[in-house]
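Listed below are the residues making up each chain.
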Amino acid sequence: MESRSRIGNEATLYHDCTISELTLRQVRNTREEDLAPFGLRMDVFKFDGSFLSLVIDLPESAVDGLRKNHILRMDTVVETEKPLEIFGRLNIKYGPNVEQVVRELPLDGSDMIVEFDLAHTKITERRLERMWMDLIFEGPEMNEINLRDITFSRRPRADF
């Protein structure tokens, strides 16, 4: 697999392997609790690179009305063959700048929730252009990773 492989219109897989033994497959979600009809399965065998990242482009409407008082939430359902560190890096482009906020996904179950509080960013609200999420997989060698669902939402912070 090439070091940059586009998956549909909204996702791209990046890695820096010289020898990558990596397969991607769309799989039908059949469990009763699965909301998404399909998921993405990555089988990683030999992996001699330093990073594996799945970049998800959020729709243009995701930045419409976005303010620093918003909290963005990412709900994921991920199953792995063996424990794996996964990080979510939210990227917000405003003008020539890109703000990045990184959170580690919890390892305590297949349903993982992380929140990104925009109050601590330096974004300029009137210059927002686009957002994307990097899912970064640390040490993915010899692992099967099933991304069953990823849901993004936002809400304003309550004023106290």
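Conventions and cut-offs
Residues numbered from 1 in each chain as written. Predicted model: local features only at pLDDT ≥ 70, side-chain atom pairs only at ≥ 80, totals over all residues. Heavy atoms only, no water. Salt bridge = Lys/Arg side-chain N within 4 Å of Asp/Glu carboxyl O. Helix = DSSP H or I, 4+ residues; strand = E, 2+ residues; numbered from the N terminus. Buried < 20%, exposed > 50% of the residue type's maximum accessible area, 1.4 Å probe, protein only. Pairing = 2+ DSSP bridges. Axes fitted to C-alpha atoms, helices over the stretch in contact; angles between N-to-C directions. Patch = residues over 30% accessible without salt bridge, like charges linked within 9 Å, V, L, I, M, F, W, Y side chains within 5 Å. Areas by Shrake-Rupley, 256 points an atom, 1.4 Å probe, with all protein chains shown as cover. Lys, Arg positive; Asp, Glu negative; His and termini not counted. Charge placed at Lys NZ, Arg CZ, Asp CG, Glu CD.

Draft legend 1. View of the pattern of salt bridges. Overall, the coordinates contain 15 salt bridges when judged by the stated rule. A salt bridge links arginine 31 to glutamate 79, with the nearest nitrogen and oxygen atoms 2.8 Å apart. In this pair, arginine 31 sits in the loop between strand E3 (20–28) and strand E4 (38–47) while glutamate 79 sits in strand E6 (residues 70–80), placing the two residues 48 residues apart along the sequence. Classification of arginine 31 by relative accessible area gives partly exposed; the value is 24%. Through salt bridges with shared partners, a single ionic network connects Arg31, Glu33, Asp34, Glu79 and Arg148.

Draft legend 2. Looking closely at the sheet that holds E4. One open sheet accounts for five strands, arranged E3-E4-E11-E6-E9; its pairing is antiparallel. Two strands lie at the open edges of the sheet, namely E3 and strand E9 (111–117), each paired on one side alone. Averaged over neighbouring strand pairs, the angle between their axes works out to 25° when direction is ignored. Strand direction decides the pairing type here: E6 and strand E11 (residues 143–156), joined by eleven bridges, are antiparallel. Note on E11: the bridge partner recorded for arginine 73 is serine 153.

Draft legend 3. Fine view of a negative patch on the surface. Where like charges cluster on the molecular surface, the negative patch consists of Asp16, Glu21, Asp48 and Glu141. Relative to the elements of secondary structure, glutamate 141 occurs in the loop between strand E10 (128–138) and E11. Exposure remark for glutamate 141: the relative accessible area of 35% places this residue in the partly exposed category.

Draft legend 4. Here's a closer look at the pairing of strand E1 (residues 4–7). Pairing geometry for E1 and strand E2 (residues 11–15), over four bridges, is antiparallel. By the bridge assignment, serine 5 is partnered in E2 with leucine 13. Two successive antiparallel strands, E1 and E2, enclose a turn made up of three residues, where glycine 8 displays a positive phi of approximately 65°.

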